[in-house]
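# Structural description and commentary
For reference, the chains in residue letters:
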Amino acid sequence: MTSYRVPAERDPARPAADRPLTIVVDGEPVAGTAGQTIAGVLLGAGRREWRTTAAGGAPRGVFCGIGVCFDCLVEVNGLRDVRACLRRAQEGDVVTRQGGTP
Amino acid sequence: MREVTRGGTTRDVVVVGAGPAGLAAALAAASAGARVTLLDAADGLGGQYWRHLPPERPAGREGLLHHKWAVFGELADTLRAHPAVTVLPTAQVWSLERHDGGVRLNVLVGEPDGEGRESLVLDPDALVLATGAHDRTLPFPGWQLPGVYSAGAAQALAKGERVAVGRRVVVAGAGPFLLPVASSLLQTGATVVGVHEAGRVGSLARGWLNRPWELAGATGKAGELAGYVSDLVRHRVPWRPREAVVAAHGVGQVEAVTIARLDDNWAPVAGTERLVEADAVCVSHGFTPRLELAIAAGCDLSPGRFVRVDDRQATSVPGVWAAGEITGIGGADAALAEGTVAGTAAAGGDTGSGAARTAGRARSRARGFAARIEAAHGIRAGWTAWLRDDTVVCRCEETTYGRVREVVELTGSREARSVKLTSRAGLGPCQARMCGRTLQELLAGPGACGDAEGAGGGTTSTVDRRPLVVPVRLGDLAALPAPRRSPSPLTAAESQPGGDRT
Ligand SMILES: Cc1cc2nc3c(=O)[nH]c(=O)nc-3n(C[C@H](O)[C@H](O)[C@H](O)COP(=O)(O)OP(=O)(O)OC[C@H]3O[C@@H](n4cnc5c(N)ncnc54)[C@H](O)[C@@H]3O)c2cc1C
Ligand code: FES
């Protein structure tokens, strides 16, 4: 695993205890904690790519992390083109890979 | 409360952006007697500098991750409790129109990119723009691989999510910002393999040290930077000037990078390349101001393409003030001071006395120091030597450097607009935020595409103009409400689905 979330009990910033939630990403459950963005849940679980580019079929995930680059677009609960780095994850969110730019 | 009147009513001031500049502006405007609406697209206050864990996961020791965390706490608490201030999180200003001498803001309130967000139209008496900046990354071969991040992304994820973007991380680019990024990564437990700064030692030393009396005056920033340096020393992280990541390699994601020495002009020196294993790379070469609202309002820009302001932070457009990184890269201290001056002036208050006067002096000091440091790290033209024909320049449309050159040769045009239309570079969903300035430099600078004589010239058309700040869903445009001067308290409360998350 490359990217990861700092375990709460070992974090010098002492975040409150986890409040686990699960989202479903391309049919697979991925665990996170309440308050994370969808990108945060994915990166925290070691997933770094979740979109395929239209022209080159290349994998993409987060690049700018603050809503500027649109690399991180996903479909959330049937709605396309949601920036994963901005959207807070909700329990049960169904996240689907997008196969191209809008 | 003192009434500042215009046409007999309290002045309505709208502040866009709740980073250091916007928070200070909102408080100053309210203190000067205005009715204030503070908007931010994000769901918490603090902007980029004070990005923090969400209320679902409050940190016991958040202050460990920030400088001046106490300043933020006090600003945020005071604003939330202030009877004349409406704080509106998750409020995205998606366009700005000019009308009968004033400006109108079109706002969508609700989940980012959501459907059925509430529309709000505001016609303020005075507007303070404090929209900040995003970091800028120059393209290099492999920068589109997962595992390559802007340095800001690494920072945002570390501060806002406690997520480390990798275990073995290379930090590279230019500027003092690389230091807090490396520190934040260390605080997530990641190994920082090295910090590679493109700037030359000579200009860095001059920029940082040639006027030590300014250092003394700006202890805030100097002390902050010293803290980051000591973090690097403690963790034995090498900091190497005159070096750059000139390529990232890997199948499907980053596995290694090539680091090379640079000459004075930032061109890689042949024979100095070395391969370094890493699972993440965080790269930033400076900042790009978020100018779209200022441009839509008609504000003049400076030659360096920031919003031009006078001593009172007034833009060239009557009724519009600007503060923070959209007026120049100055750091959080400068942003706070500018915000105080801008907010006071926007409310019709006196900037020559009290807090605004003190802030005015602090602003000059902080700006002088930060501008000098920033200048020492400025981008130099030789970087294009690390591009290859297959290097992606536009991340959205996957337009390569070779394709841009081909289009210039085929069409004989170096005008950004026509090159964009033919090559598709800059036409994707980010609206050229990632590649616009790079394209412009590739087309206009000396040694530019198709510039055999190295004479430079080429295009000057602005790539920063974006009438729609963000993509808007068609459904959101239906039934726009009637304009208001400020949201009524009821509207404000209704339109915070997630509440203020700070
Ligand atoms: C990701 C990132 C991390 C950074 N971290 C640090 C750091 O740790 N240390 C440091 O010294 N510097 C950091 N910086 C530099 C930073 O820009 C400044 O230090 C400081 O935050 C600037 O303050 P500001 O108030 O001008 O703008 P910002 O803090 O950038 O605040 C601008 C705010 O405006 C909002 N906004 C913009 N456009 C709109 C719109 N159309 N509608 C509604 N809201 C809008 C944004 O959501 C944002 O919250 C960082 C920059 C970035 C991009
Ligand atoms: S990572 Fe850039 S928009 Fe989400």
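Residues numbered from 1 in each chain as written. Chains lettered and ligands numbered in written order. Predicted model: local features only at pLDDT ≥ 70, side-chain atom pairs only at ≥ 80, totals over all residues. Heavy atoms only, no water.

A separate point is the confidence of the model for chain B. The predicted structure's coordinates, where accompanied by low pLDDT, should not be read in detail. Residue and element names in this part refer to chain B. Mean pLDDT over chain B works out to 87, with 86% of the residues at or above the 70 mark. Ignoring residues within four places in sequence, the model shows residues 452–461, a span with pLDDT below 50, making 23 contacts including any to other chains. Counted against residues more than four places away or in other chains, residues 488–499, with its pLDDT under 50, gives 15 contacts. The complex model carries a pTM of 0.92, and its ipTM stands at 0.96. (pLDDT = per-residue confidence, 0-100. Contact = heavy atoms within 4.5 Å.)

Turning our attention to the nonpolar core. Core analysis: the biggest nonpolar cluster contains 53 residues, and B:Phe140, B:Val148, B:Val170, B:Val245, B:Val257, B:Val281 and B:Trp386 have the highest contact counts within it. Sorting the residues of this core by element identifies strand 13 (168–173), strand 16 (243–249), strand 17 (256–261), strand 19 (280–284), strand 22 (392–394), helix 11 (401–411), helix 12 (416–423) and helix 13 (436–444) of chain B as the ones contributing at least two each. With near-sequence residues (within four places) excluded, B:Val170 lies in contact with B:Val193, B:Gly194, B:His196, B:Val245, B:Val257, B:Ile259, B:Val276, B:Ala278, B:Ala280, B:Val281 and B:Cys282. Ranked by size, the runner-up nonpolar core spans 50 residues in total, among them A:Tyr4, B:Tyr228, B:Ala280 and B:Phe369. (Core = buried A, V, L, I, M, F, W, Y, C linked by side-chain atoms within 4.5 Å. Buried < 20%, exposed > 50% of the residue type's maximum accessible area, 1.4 Å probe, protein only. Helix = DSSP H or I, 4+ residues; strand = E, 2+ residues; numbered from the N terminus.)

According to the domain assignment, chain B contains domain 1 (2–134 + 288–374), domain 2 (137–285) and domain 3 (387–444). Domain 1 of chain B and domain 2 of chain B are separated by 29 Å when their C-alpha centres are compared. (Domains from an automatic or database assignment.)

To continue, consider the site of ligand 1. In the vicinity of ligand 1 lie 35 residues, with B:Ala21, B:Asp40, B:Gln155, B:Lys159 and B:Glu325 positioned nearest. Ligand 1 sits at the junction of chains A and B, each of which supplies nearby residues. B:Ala21 places a main-chain nitrogen or oxygen 2.9 Å from an oxygen atom of ligand 1. The contact in question runs from an oxygen atom of ligand 1 to an N or O atom on the backbone of B:Tyr49, over 3.2 Å. Within the residue set of the shell around ligand 1, elements represented by two or more residues are helix 1 (20–31), strand 6 (91–99), strand 10 (133–135), helix 3 (151–161), helix 7 (219–234) and helix 9 (331–346) of chain B. Per-class residue counts for the shell around ligand 1 are 17 nonpolar, 11 polar and 7 charged. Counting the residues that make up the shell around ligand 1, at least three belong to each of domain 1 (2–134 + 288–374) and domain 2 (137–285) of chain B. (Near = heavy atom within 4 Å. Polar contact = N/O pair within 3.5 Å; in protein donor to acceptor, adjacent residues only side chain to side chain. Nonpolar A, V, L, I, M, F, W, Y, C, P; charged D, E, K, R; others polar.)

On to the pairing of strand 7 (residues 79–83) of chain A. Residue and element names in this part refer to chain A. Judged from the 3 bridges that link them, strand 6 (residues 73–76) and strand 7 form a sheet pairing that is antiparallel. Across the sheet, the residue bridging to Leu73 is Arg83, located in strand 7. Linkage of strand 6 to strand 7, two consecutive antiparallel strands, is achieved through a turn of 2 residues, within which Asn77 is found at a positive phi near 50 degrees. (Pairing = 2+ DSSP bridges.)

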